[in-house]
Amino acid sequence: MNLPAPAATRTLICRAVLFDMDGTLVDSTAVVEQVWGEFAGRYGLDIAEILRTSHGIQAADTVRRFAPAGADVVALTEELGAMERVRTTGIVALPGAAALLRSLPAEAVALVTSADRILADIRMDAAGLAMPAAAVTAEMVTRGKPHPEGYLTAAGLLGVEPQDAVVFEDAPAGIAAGVAAGIRTVAVGPNTGPLPDGVLHIPDYRAVTAAMETDTAGKQVISFRL
């Protein structure tokens, strides 16, 4: 396992790009900390531990883990979701994310998020980012991250094999999901934890560029410089 290190210029060639949302394209830290802080305060829970382990995980899985015995997990999850949907103050795009998304062909991009579709639409809009036409949200999978189902589903939607895609992720659970899917994975930001071998790291997208090229078979590919 290797800790993130300062990135030298590297090149990745792929046919499709799969992005996580929170922490990867969208900085929603303020809202997340507010909502989970209220949840923790209500039940006398350790907010630091909740935040440490919940990032990148579906809300229902976190509620199930931390809620008191006998709590209505479904109702609590719905309540927290309703709180998140009306709080957008402080939500912004990660540096360079908007420009990078605009530079990519729409048919080669998918979002893979642990948020449901309603919340994903709200947060992408609040950050000023266009929602990709292909999106795999919480209600579309039976097993959330760190299981690879979401990323494998997204690759299928885009019609590519896992080895022909690249994942951008910020959370340990999401990074594990990308790696388990057999997809080259790039970790983004400061909260990735120790990285599996082969996972690259970038602080944000300001130094990332993407160009369209043609491979030896005459097919269009995306060339990333990281």
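(A) Structural view of the environment of V141. The residue V141 is located in the loop between β6 (134–136) and α7 (149–158) in this model. Since its relative accessible area comes to 15%, V141 is described here as buried. Expressed as a C-alpha distance, the spacing of V141 and T153, which sit 12 residues apart in the sequence, is 8.4 Å. For V141, the contacting residues outside a window of four places in its chain are Q58, V136, E149 and G150.

(B) How the structure looks around unusual backbone geometry. Note the cis peptide between K145 and P146, where omega equals 20 degrees. Relative to the helices and strands, P146 is located in the loop between β6 and α7.

(C) Molecular detail of the sheet that holds strand β10 (residues 209–214). Spatial ordering of the open sheet is given by β1-β11-β10, a layout of three strands whose pairing is antiparallel. The open sheet has two edge strands, β1 (11–14) and β10, and neither has a second partner. Here the average twist between neighbouring strands, direction ignored, is 25 degrees. Here six bridges tie β10 to strand β11 (residues 220–225), and the two strands are oriented antiparallel to one another. The residue of β11 that forms the bridge with A210 is F224.

(D) Expanded view of the sheet that holds strand β5 (residues 109–112). Pairing within the open sheet is parallel, and its six strands lie in the order β6-β5-β2-β7-β8-β9. Each edge of the sheet is formed by a strand with only one pairing partner; in this case those strands are β6 and β9 (200–202). Across this sheet, the average inter-strand angle for adjacent strands is 25 degrees, counted without regard to direction. Note: strand β2 (residues 16–19) against strand β7 (residues 165–169), four bridges, orientation parallel. Within β7, the position partnered with F19 by the bridge is F168. The sheet strands contacting α7 are β2, β5, β6 and β7, and the helix crosses β2 at an angle near 145 degrees. Helix α8 (residues 172–180) rests against β7 and β8 (184–188) of the sheet, and its axis sits at about 165 degrees to β8.

(E) Spatial organisation of the pairing of β2. Here β2 shows no split at all, with A16 and L18 on one side and V17 and F19 on the other all buried. Bridging between β2 and β5 involves three bridges; their strand directions are parallel. Counterpart to F19 in the pairing with β5 is L111.

(F) Representation of the packing of aromatic side chains within the structure. Enumeration over the complete set of coordinates arrives at six aromatic pairs. Aromatic pair F39 and Y43: ring centres 5.5 Å apart, planes at 65 degrees, arrangement edge-to-face. Taken together, the positions of F39 and Y43, both in helix α1 (residues 29–43) and four residues apart, correspond to about one turn of that helix. For F39, a relative accessible area of 2% puts it in the buried group. Each ring, one from F168 and one from F224, has its centre 5.5 Å from the other, and the planes form 65 degrees; the classification is edge-to-face. In this pair, F168 is assigned in strand β7 and F224 in strand β11, connecting sequence segments 56 residues apart. Taken individually, F168 and F224 each receive the classification buried, so the pair is uniform in this respect. Connected via pairs of aromatic rings, a cluster forms that spans F19, F168, Y205 and F224.

(G) Layout of the nonpolar core. In terms of nonpolar packing, the biggest core is built from 47 residues, with F19, L25, F168, Y205 and F224 touching the most fellow members. The dominant element in this core, judged by the number of residues it contributes, is α1, at six residues. For F168, the contacting residues outside a window of four places in its chain are V17, L18, F19, D20, T24, Y151, V186, V188, I202, Y205, F224 and L226. Judged by nonpolar contacts, the second largest core, of 17 residues, contains A110, V112, V136 and V141.

Cut-off values and rules
- Residues numbered from 1 in each chain as written.
- Predicted model: local features only at pLDDT ≥ 70, side-chain atom pairs only at ≥ 80, totals over all residues.
- Heavy atoms only, no water.
- Helix = DSSP H or I, 4+ residues; strand = E, 2+ residues; numbered from the N terminus.
- Buried < 20%, exposed > 50% of the residue type's maximum accessible area, 1.4 Å probe, protein only.
- Contact = heavy atoms within 4.5 Å.
- Pairing = 2+ DSSP bridges.
- Axes fitted to C-alpha atoms, helices over the stretch in contact; angles between N-to-C directions.
- Phe/Tyr/Trp six-rings, centres within 6.5 Å; stacked < 30°, edge-to-face > 60°.
- Core = buried A, V, L, I, M, F, W, Y, C linked by side-chain atoms within 4.5 Å.

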